[in-house]
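Spelled out from the first residue to the last, the chains are:
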Amino acid sequence: MPASGALHRRAVLGALPGLGGGRRGSGLPAAELAVGGVRVDRAHLAAYDRVCGFRLSDLLPATFPHVLGFPLALRLMTEPAFPIPVTGLVHIGNRITVHRPIAADETLDFTTYAENLRPHDRGRQVDVVLVGSVDGETVWRGVSTYLGRERKPGGGERGERPTAPTATARWRVEPRVGTTYARVSGDHNPIHTSLLGARLFGFRRPIAHGMWSKARCLAAMENRLPDAYTVEVAFKAPVSLPSTVDFTLLPDGGFALHDSRGRPHLAGFLR
């Protein structure tokens, strides 16, 4: 598996004009990357479970393979042919399909590729697909949708904010969530870990990782999850650190995360 630290340095350099930065191509890299024989470190799994709120278990949470395979996906996104610079990418959606429970003693193989580059009203978006297999059997699939923001005139008007549903639970999200999740996930984007880094990208304070927010919601539903399912989320607005958020479990399989004023952070659906 690629080393995350070197890839983050490569991402920063790739954003600088004259060092690989500047205008990117209009297509997708004609590459599929693969790594075999990935084993789970149980101490790493336990640390992940704790920061996200899962029970300690010998089964992998649905979001944990994303962490295991993230360096491979990051390696793809730092390719010169990737159409959007990684630094400043916004994670706007994620869909995970669990085909069956995955035990911590199983060895995983990962492949990743990019697809579906398309316009967005604030720039361009692309899907990065990560597939986990055991002995040739696909057991897990994740699709992360990333937005590359581009300055464009105009834009649609914002509608009225819908009334937030009644909260099922209220959580205090402390500043350490940014750095602790960065350590267990390998995603050290400075918008999550540094006040200066966050402000460089237009945030007043560091923000929680979107995948932490999704994992925390799944941890709250842990006793309701079947053996095989798909869970999809749209990331609406960042969770500033620190802050208080309201989690709502909806009767139709939906769930949501809002701030104390009713502004949506995340909207999800389980099926």
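In this report, the structure presented in the accompanying data block is examined. (Residues numbered from 1 in each chain as written. Predicted model: local features only at pLDDT ≥ 70, side-chain atom pairs only at ≥ 80, totals over all residues. Heavy atoms only, no water.)

1. Some thoughts on the nonpolar core
Next, step 1: In terms of nonpolar packing, the biggest core is built from 63 residues, with Y48, L60, M77 and Y181 touching the most fellow members.
Next, step 2: Of all the elements, helix α3 (residues 64-77) adds the most residues to this core, at nine residues.
Next, step 3: If near-sequence neighbours (up to four positions away) are discounted, L60 is found in contact with V40, L45, P65, L68, I102, A103, A104 and L108. (Core = buried A, V, L, I, M, F, W, Y, C linked by side-chain atoms within 4.5 Å. Buried < 20%, exposed > 50% of the residue type's maximum accessible area, 1.4 Å probe, protein only. Helix = DSSP H or I, 4+ residues; strand = E, 2+ residues; numbered from the N terminus. Contact = heavy atoms within 4.5 Å.)

2. Structural notes on helix α7 (residues 210-220)
Next, step 1: Within α7, eight of the eleven residues are buried, which leaves the element mostly enclosed by the surrounding structure.
Next, step 2: Buried residues of α7: M211, W212, S213, K214, A215, C217, L218 and A219, and no others.

3. Some remarks on unusual backbone geometry
Leaving glycine aside, a negative phi is the common case for residues, and trans is the common case for peptide bonds.
Next, step 1: Residue P242 is bonded to the preceding L241 through a cis peptide linkage, with omega at 0°.
Next, step 2: A positive phi is found at N116, a non-glycine position, where the angle reads about 60°.
Next, step 3: Looking at the secondary structure, you find N116 in strand β3 (residues 108-120).
Next, step 4: Using a relative accessible area of 42% as the deciding quantity, one classes N116 as partly exposed.
Next, step 5: Here D135, not a glycine, exhibits a phi torsion of approximately 55°, which is positive.

4. Brief notes about the sheet that holds strand β2 (residues 90-98)
Next, step 1: Overall, antiparallel pairing links the ten strands, which are arranged β1-β3-β4-β5-β2-β7-β10-β9-β8-β6 in an open sheet. Every other strand in the sheet has two partners, leaving β1 (33-38) and β6 (169-173) as the edge strands with one partner each. Mean inter-strand twist for the sheet, computed between neighbouring axes without regard to direction, equals 20°.
Next, step 2: Bridge analysis of strand β7 (residues 229-235) against strand β10 (residues 264-270) gives five bridges, and the strand direction is antiparallel. Bridge pairing in β10 links A234 to A267.
Next, step 3: Contacts from α3 reach β1, β2, β3, β4 (123-134) and β5 (137-149), with the element oriented near 60° to β3. (Pairing = 2+ DSSP bridges. Axes fitted to C-alpha atoms, helices over the stretch in contact; angles between N-to-C directions.)

5. What about the side chain of T230?
Next, step 1: Mapped onto the secondary structure, T230 falls in strand β7.
Next, step 2: Among the polar contacts made by the side chain of T230, one reaches the side chain of T97 at a distance of 2.9 Å.
Next, step 3: Setting aside chain neighbours within four positions, we find T230 in contact with R95, I96, T97, F269, L270 and R271. (Polar contact = N/O pair within 3.5 Å; in protein donor to acceptor, adjacent residues only side chain to side chain.)

6. Remarks on the packing of aromatic side chains
Next, step 1: In this structure the tally under the stated criterion is four aromatic pairs.
Next, step 2: Ring centres of Y48 and F54 lie 6.3 Å apart, and the angle between their planes is 15°; this geometry places the pair in the stacked category. Accessibility assignment for this pair places Y48 and F54 in one class, buried.
Next, step 3: Among the aromatic residues, ring-to-ring pairing joins Y48, F54, F64 and Y181 into one connected group.
Next, step 4: Lying over the aromatic face of W171, R216 brings its terminal NZ or CZ to 4.0 Å of the ring centre. (Phe/Tyr/Trp six-rings, centres within 6.5 Å; stacked < 30°, edge-to-face > 60°. Lys NZ or Arg CZ within 6 Å of the ring centre and 35° of its normal.)

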